[in-house]
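Chains, contacts and geometry: an overview
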Amino acid sequence: MQNVKVIIWGLGAMGGGVADMLLTKKGIDIVGVAGRNKKIGTSMYDYIKTERGDRPDVIIQAAEDVIKPGAADIVILCTDSFTEKAFPRMKFILEQGINCITSAEEMAYPAAQNPDLAEKLDKIAKENGVTLLGTGINPGHIMDLLVLVMTGCMTDVEHILSRRVNSLSPFGPAVMEEQGIGISVEEFKKRKADGSMSGHVGFAESVGMIAEGLGLKVDKFAQDMNPTENPLMDLRQQARVQALRWKRTLR
């Protein structure tokens, strides 16, 4: 039986973590990495924790140079959070006749906010005889799939409360800015009001997944975000800790 051939598109905190994990697995070969700018032409092992050892080197290339028909069984896309932004890349992968797994949060349940794009992607995948899966820890497991599993032994579900606390320390400045980490309370409130801060992406998708799994219809979805201060931390420390409280309602 041949090993599964994998290409990773995007070697930031998420893609690098995926690479480290895959290198511990049997039956999987990382045969390519797609990147951009200064990473092109350099080794994958320059950006991950795992040492190369006696493994074959993997040189980072532009996406169009590495993602080609027959080049791999699966491309793992780790570049975007939003379905709309990831759409061109997913379309390109599928049209090469290669299966795709994406870490884009909204792709865990794209019908929640992008039903038209979800239908287009479904059509493209079927036309090319491949599959597309959006998954991750959250959304994709902790606050949706796990919730549904826990309801499996219940005859009635009247209320769901799910809480999650996590550290953003492995991620870069783009994620910090997206979630409002390391800024003043005044700046946080300003960016919240003008809609320039997206916060943690994926709650609408988690709610949609839970609702469909329970056979319910979402009549109203509300999401809020508020800063949490710790006077013992300076701004640099705050920038490395997720300091947001989220209020989610499902009615």
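See the structure printed just above.
Residues numbered from 1 in each chain as written. Predicted model: local features only at pLDDT ≥ 70, side-chain atom pairs only at ≥ 80, totals over all residues. Heavy atoms only, no water.

The complete set of buried residues in helix H7 (residues 185-194) reads Val185, Phe188 and Arg191. Down the axis of H7, the buried set is contained in an arc of 130°. They therefore lie on one face. Every exposed residue of H7 that faces more than 90 degrees away from the buried side is listed here: Glu186, Lys189, Lys190 and Ala193. The first or second residue beyond H7 is glycine 195, which carries a positive phi of 75°. (Buried < 20%, exposed > 50% of the residue type's maximum accessible area, 1.4 Å probe, protein only. Helix = DSSP H or I, 4+ residues; strand = E, 2+ residues; numbered from the N terminus. Arc of directions from axis to C-beta.)

A word on the nonpolar core. Core analysis: the biggest nonpolar cluster contains 23 residues, and Trp9, Ile67, Val75, Leu77, Met90, Ile93 and Leu94 have the highest contact counts within it. Secondary-structure elements contributing two or more residues to this core are strand E1 (4-9), helix H2 (63-66), strand E4 (74-77), helix H3 (83-95) and helix H4 (115-127). If you tally residues by element for this core, the top one is H3, at 5 residues. One finds Val6, Ile8, Leu11 and Ile60 within the second-largest nonpolar core, a separate group that totals 15 residues. (Core = buried A, V, L, I, M, F, W, Y, C linked by side-chain atoms within 4.5 Å.)

We now examine the packing of aromatic side chains. Inspection of the entire model under this criterion finds 1 aromatic pair. Plain terms: the ring middles of tryptophan 9 and phenylalanine 92 are 6.2 Å apart, the flat faces sit at 80° to each other, and that makes the pair edge-to-face. Of this pair, tryptophan 9 sits in strand E1 while phenylalanine 92 sits in helix H3; the two residues are 83 residues apart in sequence, bridging distant segments of the chain. Over the aromatic face of tyrosine 47 sits the side chain of lysine 39, whose NZ or CZ is 4.9 Å from the ring centroid. (Phe/Tyr/Trp six-rings, centres within 6.5 Å; stacked < 30°, edge-to-face > 60°. Lys NZ or Arg CZ within 6 Å of the ring centre and 35° of its normal.)

This brings us to the pattern of salt bridges. All told, the structure shown has 5 salt bridges when counted by the stated rule. Note that arginine 52 is salt-bridged to aspartate 57, the shortest N-O span being 3.9 Å. Here aspartate 224 and lysine 192 are joined by a salt bridge, their closest N and O atoms 2.8 Å apart. Linking aspartate 224 in strand E7 (residues 221-227) with lysine 192 in helix H7, this pair joins segments that are 32 residues apart in sequence. Judged by relative accessible area, aspartate 224 falls into the partly exposed class, the value being 28%. (Salt bridge = Lys/Arg side-chain N within 4 Å of Asp/Glu carboxyl O.)

Here we take up the environment of aspartate 46. As for its placement among the helices and strands, aspartate 46 is situated in the loop between strand E2 (28-34) and strand E3 (60-61). Residue classification places aspartate 46 among the exposed positions, given a relative accessible area of 55%. As for aspartate 46 and isoleucine 59, which are separated by 13 residues in sequence, their C-alpha atoms are 9.9 Å apart.

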